[in-house]
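Structural overview for review
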Amino acid sequence: MGSKTVDEAGTDTGTEAKRDEEDVQLTKDGDTAADQADAEAYEDDEQYPDSGDGSDASVGGSGVGQGAAAVVSAGLGIVSLTGSWVGTVAQARDSLYGQLETAQQSSVGTQLKELYGDSWNANALVAGFFALAALIVGVVVLVRPAFGNPDRVQAPWTKSVAWAGVSLGVIGLLLAALKYSDILLSVPAGG
């Protein structure tokens, strides 16, 4: 709490009086001290645009889109390895077509190929599509800073997650190619 004193002329000379004088004091340009402080803050914001809370979209955005794309890339990579509903439906559909096209008198090898081999390949194609999508999205996230604001640094977690998506995409593509070419888990030959 400020102390208040009154001088011989009857004017306040305490802390409150000094605050009132500072609020009304004019500078050489005719601006108040508060206006001058606002102008200095504005100059600091122009000189150091990233020193704020990151909400200024004109500076380069907050990187939310890149982070989301990195997470999508990793998610697509995981789906390519674990399987998806789309792959299961494609596999079941191809198996059904194989049942309809295979005659009762066909050899066991032909029935295995039509019923299981083709549906396995359909599942491998869908997994390969998800892996390729993960790879593309991850690479786009990683190369995006090269085409943007050179002063804007990409968040380290975004790079890490994007690299995870790229890695999972490469592994998923490799496994899909091995499954499709019957090198990995091929359909047994029937007699």
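Residues numbered from 1 in each chain as written. Predicted model: local features only at pLDDT ≥ 70, side-chain atom pairs only at ≥ 80, totals over all residues. Heavy atoms only, no water.

**Regarding the packing of helix H3 (residues 64-82) against helix H5 (residues 108-143)**
Taken N-terminus to C-terminus, the directions of H3 and H5 make an angle of 155°; their axes are 8 Å apart at the nearest point. Our classification of the angle between H3 and H5 gives roughly antiparallel. Considering how the two elements wind past one another, H3 and H5 form a crossing that is left-handed. Taking contact as the criterion, the partners of Gln66, Ala69, Ala70, Ser73, Leu76, Gly77, Val79 and Ser80 in H3 are, on H5, Ala127, Phe130, Ala131, Ala133, Ala134, Val137, Gly138 and Val141. (Axes fitted to C-alpha atoms, helices over the stretch in contact; angles between N-to-C directions. Helix = DSSP H or I, 4+ residues; strand = E, 2+ residues; numbered from the N terminus. Parallel < 35°, antiparallel > 145°, perpendicular 65-115°, else oblique. Left-handed = near helix turned anticlockwise from the far one by under 90°. Contact = heavy atoms within 4.5 Å.)

**Describing the pattern of salt bridges**
With the rule as written, the count across this model stands at one salt bridge. Note that aspartate 118 and lysine 113 form a salt bridge whose closest N and O atoms lie 3.3 Å from each other. Looking at aspartate 118, the relative accessible area reads 21%, which means it is partly exposed. (Salt bridge = Lys/Arg side-chain N within 4 Å of Asp/Glu carboxyl O. Buried < 20%, exposed > 50% of the residue type's maximum accessible area, 1.4 Å probe, protein only.)

**Structural notes on the side chain of serine 80**
Here serine 80 lies in helix H3. Apart from residues lying up to four places away in sequence, serine 80 is in contact with Ala127, Phe130, Ala131, Leu168 and Gly172.

**Structural notes on the side chain of asparagine 123**
Structurally, asparagine 123 can be placed in helix H5. Not counting the four nearest positions on each side in its chain, asparagine 123 is found in contact with Gly87 and Gln91.

**Topic: the packing of aromatic side chains**
As enumerated under the stated definition, the model contains one aromatic pair in all. Ring centres of phenylalanine 129 and phenylalanine 130 lie 5.9 Å apart, and the angle between their planes is 70°; on these two criteria the pair is classed as edge-to-face. Residue classification places phenylalanine 130 among the buried residues on the basis of a relative accessible area of 16%. The ring of tryptophan 120 has lysine 179 lying over it, and the distance from NZ or CZ to the ring centre is 5.1 Å. (Phe/Tyr/Trp six-rings, centres within 6.5 Å; stacked < 30°, edge-to-face > 60°. Lys NZ or Arg CZ within 6 Å of the ring centre and 35° of its normal.)

**Considerations on the confidence of the model for the chain**
For the chain, the mean per-residue pLDDT works out to 77, and 67% of the residues sit at or above 70. This model gives residues 50-59 a pLDDT under 50, and the stretch forms five contacts once residues within four places in sequence are excluded. (pLDDT = per-residue confidence, 0-100.)

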